[in-house]
Amino acid sequence: MGCFGFLKTMMFVFNGIIFLAGAGVLGVGIWVKVDGASFTKLLDTVSPDLSQVVNVGYLCIAVGLVLLVMGFLGCCGAMKESKCMLLLFFIIVLLILVAQVAGAVVVLVFSSLADVIVAQIGNVAKDSLEKDFGKQADITTVWNTTMKQLECCGFNNYTDFDNSPFKNYTKHYPSQCCKKTEPCTEAEAKTSQIAGCYNAILNFLKDNSKILGAVALGIGGLEIAAMVVSMVLYCQIDSK
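Residues numbered from 1 in each chain as written. Predicted model: local features only at pLDDT ≥ 70, side-chain atom pairs only at ≥ 80, totals over all residues. Heavy atoms only, no water.

## With respect to the environment of Gln 100
Just so we agree on the cut-off: The numbering of helices and of strands both runs from the N terminus, where a helix is a DSSP run of H or I of at least 4 residues and a strand a run of E of at least 2. Three labels apply to residues, based on accessible area from a 1.4 Å probe with only protein chains included: buried if under 20% of the type maximum, exposed if over 50%, partly exposed otherwise in between. Note on definitions: a residue-residue contact is assigned when non-hydrogen atoms from the two residues lie within 4.5 Å.
Within the fold, Gln 100 resides in helix α4 (residues 83–108). When its relative accessible area of 36% is taken as the criterion, Gln 100 is described as partly exposed. For the pair formed by Gln 100 and Gly 220, sequence separation is 120 residues and the distance between their alpha carbons is 8.6 Å. Setting aside anything within four residues of it in sequence, one finds Gln 100 in contact with Ile 219 and Glu 223.

## Digging into the state of the cysteines
The criterion, for reference: Disulfides are defined in this document as cysteine sulfur pairs within 2.5 Å.
Per the stated rule, a full pass over the model turns up three disulfides. At a sulfur-sulfur separation of 2.0 Å, the disulfide partner of Cys 152 is Cys 197. Sign of the S-S torsion, about 80° for the bond between Cys 152 and Cys 197, identifies this disulfide as right-handed. Here Cys 197 lies in helix α9 (residues 197–207) and Cys 152 lies in the loop between α6 (137–150) and α7 (165–170), a separation of 45 residues in the sequence. Among the residues examined, Cys 197 registers a relative accessible area of 2% and is labelled buried. Paired through a disulfide, Cys 178 and Cys 184 show a sulfur-sulfur distance of 1.7 Å. Around the S-S axis, the bridge from Cys 178 to Cys 184 shows a dihedral of about 70° and counts as right-handed. For Cys 184, a relative accessible area of 1% gives the class buried. Sequence-ordered numbering of the bonded cysteines in the protein gives a disulfide pattern of 1-6, 2-3, 4-5. Considering cysteine sulfurs only, Cys 76 is the nearest to Cys 75, which forms no disulfide, with 6.5 Å between them.

## With respect to the UniProt feature "transmembrane region" (unreviewed entry) in the protein
Let me state the cut-off plainly: UniProt positions are given in the numbering used here, feature names are shortened, and annotations may be inferred rather than shown by experiment.
Here, the residues flagged by UniProt with the feature "transmembrane region" (unreviewed entry) are residues 12–32, 52–73, 85–110 and 211–235. Annotated as residues 12–32, this span is 100% helix and 0% strand, and its ends, taken at the C-alpha atoms, are 30 Å apart.

## Points about the packing of aromatic side chains
Quick note on the threshold: Here a pair means two rings of Phe, Tyr or Trp (six-membered ring of Trp) with centres within 6.5 Å. Their orientation is stacked below 30 degrees between planes, edge-to-face above 60, and tilted elsewhere. For a lysine, the NZ atom is tested; for an arginine, the CZ atom; a charge sits over a ring if that atom is within 6 Å of the ring centre and within 35 degrees of the ring normal.
Using the criterion set out here, one finds four aromatic pairs in the structure. Measuring from ring centre to ring centre gives 5.4 Å for Phe 133 and Phe 166, while their planes differ by 70°; the resulting arrangement is edge-to-face. Here Phe 133, found in the loop between α5 (111–132) and α6, pairs with Phe 166, found in helix α7; they are 33 residues apart in sequence, far enough to count as distant. Among the residues examined, Phe 133 registers a relative accessible area of 1% and is labelled buried. Phe 166 sits in the partly exposed class, given a relative accessible area of 24%. Clustering of aromatic rings is evident, with ring pairs tying together Phe 133, Phe 161 and Phe 166. A cation over a ring is seen here: Lys 83 above Tyr 234, with NZ or CZ 4.6 Å from the ring centre.

## Overview of unusual backbone geometry
Phi is positive for Glu 151, which is not a glycine, with a value near 55°. With phi around 65°, Lys 171 is a residue other than glycine that occupies positive phi space. Its location among the elements puts Lys 171 in the loop between α7 and α8 (186–192). On the accessibility criterion, Lys 171 (61% relative accessible area) is exposed.

## Focus on a nonpolar patch on the surface
Convention followed: Each patch is assembled from residues with relative accessible area greater than 30% and no salt bridge, linking like charges that lie within 9 Å and nonpolar side chains (Val, Leu, Ile, Met, Phe, Trp, Tyr) that lie within 5 Å. Values of accessible area rely on a 1.4 Å probe in the Shrake-Rupley scheme; residue burial ignores everything except the protein chains shown. Definition used for salt bridges: Asp or Glu carboxyl oxygen within 4 Å of a side-chain nitrogen of Lys or Arg.
A grouping of Phe 12, Val 13, Ile 17 and Met 79 is seen on the molecular surface, where their side chains present a nonpolar patch of about 370 Å² in accessible area. Looking at which element gives the most residues to the nonpolar patch, the answer is helix α1 (residues 2–34), with three residues. Counting through the fold element by element, Met 79 comes out in helix α3 (residues 57–79). Judged by relative accessible area, which is 42%, Met 79 ranks as partly exposed.

## Considering the nonpolar core
Let me state the cut-off plainly: Among buried residues, the Ala, Val, Leu, Ile, Met, Phe, Trp, Tyr and Cys ones that are joined through side-chain atoms within 4.5 Å form a nonpolar core.
Ranked by internal contacts, the top residues of the largest apolar core, which has 18 residues, are Trp 143, Met 147, Phe 161, Tyr 173 and Cys 177. Secondary structure elements with two or more residues in this core: α5, α6 and α9. With residues near it in sequence (within four places) discarded, Cys 177 still touches Cys 153, Tyr 158, Phe 161, Cys 184, Ala 189, Ser 192 and Ile 194. Membership of the second largest hydrophobic core comes to 16 residues, among which are Phe 89, Phe 90, Val 93 and Met 227.

## Looking at α6
Rule in force here: Take the number of residues in a helix, subtract one, and multiply by 1.5 Å to get its expected span.
The terminal C-alpha atoms of α6, which comprises 14 residues, lie 20 Å apart, in line with the 20 Å expected from a rise of 1.5 Å per residue. Residues Thr 140, Trp 143, Thr 145 and Met 147 constitute the buried set of α6.

Shown next, in the form of structure tokens:
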């Protein structure tokens with residue numbers, strides 16, 4: 001019974017943290033969608049780069065809802081000793097873990113499929129540059145911040161901006177595509193040879209692969225531990 005009570009407490013604390021985190025993320029997502037201007041103004045006082053959060057409002061809402069449901073099922077399932085809630089919690093965590101493993105298998109094993117997916121992402125990214133860069137403020141800001149942080153230009157290279165509203169209006173390329181001169185002319189962009197953000201992202205992942213792998217293993221370990229504890233509690237309820 002002492003072990004059972006300890007597992008209940010740990011389950012409650014762990015999922016209580018998840019529940020509070022989900023409530024916070026959901027609140028931020030709703031705030032962004034309801035009053036994005038004031039939220040952006042607040043973040044700008046801290047760091048201009050943080051203002052990019054406003055562009056993932058719906059993602060914040062989705063993640064927040066999932067965390068809320070997981071935290072609620074885990075907390076209430078443990079404290080109320082509800083087999084139904086514990087089983088639902090187990091299934092949700094299992095589905096998340098399976099999705100992560102499936103994604104890793106696709107990337108590591110089915111390299112040809114991964115190349116197709118990357119190519120599709122590249123087409124979407126290039127289309128967004130040609131149609132919206134310099135026209136849609138949020139997309140323009142996201143790309144400017146990405147290129148500034150990663151020191152890259154476009155998805156493939158500077159030619160991604162050839163038919164963009166920004167290029168058509170200013171007759172120049174974004175300043176990130178040139179090393180020295182501003183405004184950034186085509187001749188300078190061609191001479192500068194700034195790498196595209198696709199290669200910059202690949203290099204970032206390669207340089208930080210050990211850290212990313214450790215984080216992924218840590219998250220997977222926590223998920224497995226949560227599944228084990230929930231199933232132990234589920235089985236102990238009957239024996240108790």
